[in-house]
Amino acid sequence: MRPKLQARHVTKRFPGGGRTGEILALKDFSLDVMTAEFLVIVGPSGCGKSTFLNAVAGLEPVDEGELLMDGRLIQRPGPERGMCFQEFALFPWLTVRQNVEFGLEAKGLPRAERGRRASEYLGLVSLSGFEERYPYELSGGMKQRCALARLLAVDPAVFLMDEPLAALDAQTRLILQTEILRIWGEERSPATRKTVIFVTHSIDEAVFLSDRIVVMTARPGQVKEIVPNPLPRPREDRMRGDPAFARLSMEIWDLVREAALKAIEL
């Protein structure tokens with residue numbers, strides 16, 4: 001199977017202090033992401049996880065190497081790559097429906113089609129009945145559901161998810177993990193699924209969601225190891241108590257621990 005996304009020897013620098021006057025965020029970073037795969041990236045703070053995601057989204061140019069989607073160079077943002085952020089990024093002056101329709105209006109869809117799609121995806125994320133509410137009237141979990149509906153409505157081929165559940169309370173976070181897998185199509189044919197790159201600091205979350213887990217080194221970020229996830233799908237909450245779940249979690253933590261300690265020293 002041909003990769004959906006490819007990073008080939010990507011290096012990214014930012015202006016900064018120190019002897020070189022720059023921060024080397026990513027160095028010689030290479031990775032293939034397969035079509036319909038749910039790939040999760042973990043690593044210590046500051047290792048370049050979000051930088052990589054922003055580069056794939058076309059929000060950050062790379063200094064060396066190249067990023068490809070379906071064999072074509074990524075040079076700018078595009079509707080085939082949709083982003084979901086930790087901070088929800090909802091427009092506070094727009095209603096829930098208007099937030100979901102925003103990207104559809106930018107694509108030039110007529111009003112009736114925008115309304116139909118907004119209703120469909122708000123129903124999918126269990127927000128029917130909240131269409132005319134404003135973001136300040138929603139809980140954190142509902143805000144993130146709205147952000148997910150907005151992402152789904154524009155129907156990108158690739159979902160780029162940058163710690164989308166990190167700001168939520170523990171119970172809501174667990175519920176939305178299951179919801180994300182349902183929306184992704186875990187119980188449907190792989191041919192119907194989107195390609196997902198999901199960044200998180202939570203090892204438990206990585207194990208529960210992923211097909212494969214990419215463990216990054218401390219800055220400058222590189223791929224330390226890629227760990228396949230053998231747990232069967234569909235995933236259920238009771239799996240968290242399974243010895244196989246615990247073993248995989250410990251394996252990932254063993255890989256992350258050294259880099260996390262190094263990151264603290266930087």
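Look up a bit, the structure's there.
The sections below set out a description of the structure shown in this document. (Residues numbered from 1 in each chain as written. Predicted model: local features only at pLDDT ≥ 70, side-chain atom pairs only at ≥ 80, totals over all residues. Heavy atoms only, no water.)

Another aspect to go through is the pairing of strand E4 (residues 64–69). The pairing of strand E1 (residues 3–15) with E4 spans five bridges and is classified as antiparallel. Counted as the bridge partner of Arg8 is Glu66 from E4. Summarising the sheet, E4 and strand E5 (residues 72–73) pair through two bridges and their orientation is antiparallel. Looking at the pairing, Leu68 lines up with Leu73 of E5. Linkage of E4 to E5, two consecutive antiparallel strands, is achieved through a turn of two residues, within which Asp70 is found at a positive phi near 50°. (Pairing = 2+ DSSP bridges. Helix = DSSP H or I, 4+ residues; strand = E, 2+ residues; numbered from the N terminus.)

Take the pattern of salt bridges next. Pairs can form between side chains of opposite charge whenever their charged atoms are close. Applying the stated rule across the entire model yields 24 salt bridges. Note that Arg212 and Glu37 form a salt bridge whose closest N and O atoms lie 2.4 Å from each other. Of this pair, Arg212 sits in strand E9 (residues 212–216) while Glu37 sits in the loop between strand E2 (22–34) and strand E3 (38–42); the two residues are 175 residues apart in sequence, bridging distant segments of the chain. Taken as a pair, Arg212 and Glu37 share a single burial class, namely buried. Taken together, the shared-partner salt bridges in this structure form one network comprising Arg97, Glu101, Arg114 and Glu132. (Salt bridge = Lys/Arg side-chain N within 4 Å of Asp/Glu carboxyl O. Buried < 20%, exposed > 50% of the residue type's maximum accessible area, 1.4 Å probe, protein only.)

Attention now moves to the sheet that holds strand E6 (residues 81–84). Taken in spatial order, the six strands line up as E6-E7-E8-E3-E9-E10 in an open sheet, and their pairing is mixed. Edge positions in the sheet fall to E6 and strand E10 (223–228), since each of these pairs with one other strand and no more. Taken over all neighbouring pairs, the strand axes of this sheet differ in orientation by 20° on average, direction set aside. In terms of strand pairing, E6 meets strand E7 (residues 158–162) through four bridges, oriented parallel. Residue pairing in the sheet places Gly82 in a bridge with Phe159 of E7. Contacts from helix H1 (residues 49–57) reach E3, E6, E7, strand E8 (195–199) and E9, with the element oriented near 150° to E7. Against the sheet, helix H5 (residues 170–184) makes contact with E3, E7 and E8, and its axis sits at roughly 145° relative to E3, the strand it touches most. (Axes fitted to C-alpha atoms, helices over the stretch in contact; angles between N-to-C directions. Contact = heavy atoms within 4.5 Å.)

Counted according to the given criterion, the structure contains six aromatic pairs. Aromatic side chains Phe91 and Phe102 sit 4.6 Å apart centroid to centroid with 50° between the ring planes, which places their arrangement in the tilted category. One end of the pair, Phe91, is in the loop between E6 and helix H2 (96–106); the other, Phe102, is in helix H2, and eleven residues separate them in sequence. Given the relative accessible area of 22%, Phe91 is considered partly exposed. (Phe/Tyr/Trp six-rings, centres within 6.5 Å; stacked < 30°, edge-to-face > 60°.)

In this section: the pairing of E7. With five of its five residues buried, E7 lies for the most part within the structure. Both E7 and E8 contribute to a ladder of five bridges, which runs parallel. Counterpart to Val158 in the pairing with E8 is Thr195. For the handedness criterion, the β-α-β arrangement of E7, H5 and E8 is classed as right-handed. (Right-handed = clockwise from strand over helix to strand, strands pointing away.)

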